[in-house]
Amino acid sequence: MLGNLIDFLRVVSAKIRRRPVALCDIGDVDGITSAAIFLRKYPDAVIVLRAPAQVQKSKWLRLFTWTFVADLPCPPGAKVKMRADHHRTNSPCAEQECYDPSAPCSALLAAKLLGLEDDPIVRELVDAAIQTDTANVTSEKVRKLDMIVRYSRYSTKLKIAKILSEKGIDAVLSLPEAQEALEKAREAEHIINTICEKVPASDIITMYFPKGKKLDISYRQLNIIIQKSKNAKFVNILVKRGFRTYRLYCGADKEGPYDCTTIAKQLGGGGHKFAAGAQYKSPIFRPGEGFRRFVNVLKNYLGVSKVRVIVVDENLNLNEIEV
Ligand SMILES: [Mn+2]
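What you see is a predicted model; the values in this text were computed from it and never measured. All residue numbers refer to positions counted from 1 along the written sequence of the respective chain. Reporting of local features is limited, given that this is a predicted model, to residues whose pLDDT is at least 70; pairs of side-chain atoms are given and counted only at 80 or more, and all residues count toward the totals for whole chains, interfaces and linings.

Trainee: Run through the domain arrangement of the protein, naming residues and quoting values.
Mentor: Boundaries of every domain are those given by an automatic assignment or by a domain database. Looking at the protein, the domain boundaries give domain 1 (2-174) and domain 2 (190-322). Taking only C-alpha atoms into account, the centre of domain 1 sits 27 Å from that of domain 2. Each partner contributes to the interface: domain 1 provides eight residues, whereas domain 2 provides ten residues. Its residues placed into classes, the side of domain 1 that touches domain 2 shows three nonpolar, three polar and two charged. Here, residues touch in the contact sense if the C-beta positions derived from the backbone fall within 7 Å of one another. Note on residue categories: nonpolar means Ala, Val, Leu, Ile, Met, Phe, Trp, Tyr, Cys or Pro, charged means Asp, Glu, Lys or Arg, and polar means any other residue, Gly included.

Below, the structure written as structure tokens:
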């Protein structure tokens, strides 16, 4: 709420001062590096970071003309000058598009669009985004940046984008805020490992966190780790985030045969074949229906009448049910 007001005022003030405004994905290294690449080109730009679902729903984002949007859809009806994106579910919407669903990340497209492909800092950032967005992190530096981005608060993420644009990844790793975020990440990693050890290996793994907000972990990261350590082909994690708000994290093996976008779209979300998500709400008088809704979509997609779901409570106890 307050965050929206502050960002609204930041954009208004940018407009008054005729500064470029950019809207980039808040969730991962790809979004933040895309923002940093834009700042590299336009150091006085004002950056707003949001998740895809927030962009769809926000009433105020669509009131402005955006100079640049990256790793996100356009705010519905808004005028957007340039956009760099690789999500199959986000169709082209800007005056100047650098849109390629087969690209490994948006940062690469942002670099192309802004003509910065040969800039050494930009190349470092693009390389980091490729590693994280394809879930194939090979450098320790990038692994740390990924953790820092995931576990930093909003103001820190903006600061990180700025520092990345000026000095690159090393400068971010030496920030005191980065140490704090890494400490949080270590705690989260411990929780994730504890959960992971209790999950039996299977091709298809479905998990439900009815008290999901109580665990301070990245569920996207949990999904990736479950996929890898259990050799799973299709992992769905449903998280109850509030009284009637649900969030789905879907992950699928790149070699197939499953497609996450099919599930995510039916719940109002989107993404890639191998990683997609959705956030949706249950009706006010039936706050528990969100779980049913997801289970039905999944059963339909798999063509089965029952699925096994691992329910994880806030004390990390696992309970397997058939629904
Ligand atoms: Mn991306």
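Back to the text.
Trainee: Let's hear about the sheet that holds strand β5 (residues 96-99): which residues, and what values?
Mentor: Paired strands are those between which DSSP finds at least two bridges. Secondary structure elements are taken from DSSP: a helix is a run of H or I of four residues or more, a strand is a run of E of two residues or more, and numbering for both begins at the N terminus. The five strands lie next to each other as β2-β1-β3-β4-β5, forming an open sheet whose pairing is parallel. Of all strands in the sheet, those with a lone pairing partner are β2 (46-50) and β5, marking the two edges. The average angle at which neighbouring strand axes cross in this sheet is 15 degrees, direction not considered. As defined by bridge partners, strand β4 (residues 80-85) adjoins β5 across four bridges and the pair is classed as parallel. By the bridge assignment for β5, alanine 84 is matched with cysteine 98. The sheet strands contacting helix α2 (residues 29-41) are β1 (21-25), β2, β3 (66-70) and β4, and the helix crosses β1 at an angle near 160 degrees. What counts as an axis is a line fitted to C-alpha atoms, over the stretch in contact for a helix, and the angles between N-to-C directions run from 0 to 180 degrees. The strands touched by helix α4 (residues 106-113) are β3, β4 and β5; relative to β4, the strand with the most contacts, the crossing angle is about 135 degrees.

Trainee: Explain the nonpolar core residue by residue, including any values.
Mentor: Core analysis: the largest hydrophobic core is formed by 61 residues, its most contacted members being Ala22, Ala35, Ile47 and Ala110. Among the elements that take part in this core, α2 stands out by supplying seven residues, more than any other. When residues no more than four places from it in sequence are discounted, the contact partners of alanine 22 are Ala35, Phe38, Ala45, Ile47, Trp66, Thr67 and Phe68. The nonpolar core criterion groups buried Ala, Val, Leu, Ile, Met, Phe, Trp, Tyr and Cys residues into a set whenever they are joined through C-beta atoms within 7 Å. With C-beta atoms placed from the backbone, a residue is buried if 20 or more other C-beta atoms are within 10 Å of its own, exposed if 12 or fewer are, and partly exposed between those counts. Among the nonpolar cores identified, the runner-up in size contains 37 residues, and Leu238, Cys250, Ala275 and Ile310 belong to it.

Trainee: Help me get a handle on the packing of α2 against α4, residues and values and all.
Mentor: Between two packed helices, what matters for the description is the angle formed by their axes and the separation of those axes. Two numbers describe how α2 lies on α4: the axes approach to 8 Å, and their chain directions differ by 15 degrees. Taken together, α2 and α4 sit at an angle that is classed as roughly parallel. Two packed elements cross with a definite hand, and for α2 against α4 that hand is right-handed. Side by side, α2 and α4 meet where Asp30, Thr33, Ser34, Ile37 and Phe38 of the first sit next to Ser106, Ala107, Ala110 and Ala111 of the second. By residue class, the composition of the contact of α2 with α4 is five nonpolar, three polar and one charged. Any angle from 65 to 115 degrees is called roughly perpendicular, while one under 35 is roughly parallel, one over 145 is roughly antiparallel, and all others are oblique. For any pair of crossing helices, the crossing counts as left-handed if the nearer helix is rotated counterclockwise from the farther one by less than a right angle, and right-handed if it is rotated clockwise.

Trainee: Residues and numbers for unusual backbone geometry, please.
Mentor: A cis amide bond links glycine 256 to the next residue, proline 257, at an omega of 5 degrees. Counting through the fold element by element, proline 257 comes out in the loop between β8 (245-252) and α11 (260-266). One non-glycine residue, arginine 18, adopts positive backbone phi at about 55 degrees. Relative to the helices and strands, arginine 18 is located in the loop between α1 (2-16) and β1. With 7 C-beta atoms counted inside 10 Å, the residue arginine 18 sits in the exposed group. Not every positive phi belongs to a glycine, and asparagine 231 is a case in point at roughly 55 degrees. With respect to the element layout, asparagine 231 can be found in the loop between α10 (219-230) and β7 (234-240). With 11 C-beta atoms packed within 10 Å, asparagine 231 lands in the exposed category.

Trainee: Residue-level account of the environment of leucine 222, with values.
Mentor: With respect to the helices, strands and loops of the structure, leucine 222 is situated in helix α10. Sequence-wise, leucine 222 and arginine 186 are 36 residues apart; in three dimensions their C-alpha atoms are separated by 13 Å. Not counting chain neighbours up to four residues away, the residues in contact with leucine 222 comprise Ile192, Ile195, Ile217 and Ile237.

Trainee: Break down the sheet that holds β8 for me, citing the residues and quoting the values.
Mentor: Taken in spatial order, the seven strands of this open sheet run β9-β10-β8-β7-β6-β11-β12, and their pairing is mixed. Each edge of the open sheet is held by one strand with a lone partner, namely β9 (270-271) and β12 (318-322). Summarising the sheet, strand β6 (residues 204-209) and β7 pair through six bridges and their orientation is parallel. Its bridge partner lying in β7, threonine 206 is registered against asparagine 236.

Trainee: Can you break down helix α5 (residues 120-133) residue by residue, with the values?
Mentor: To estimate the expected span of a helix, count its residues, drop one, and scale the result by 1.5 Å. A rise of 1.5 Å per residue sets the reference length of α5, with its 14 residues, at 20 Å; its end C-alpha atoms lie 20 Å apart and thus fit the reference within 8%. Restricting attention to buried positions, one finds in α5 the residues Val122, Leu125, Val126, Ala128, Ala129, Ile130, Gln131, Thr132 and Asp133. Following α5 by one or two positions, alanine 135 adopts a phi angle in the positive range, close to 50 degrees.

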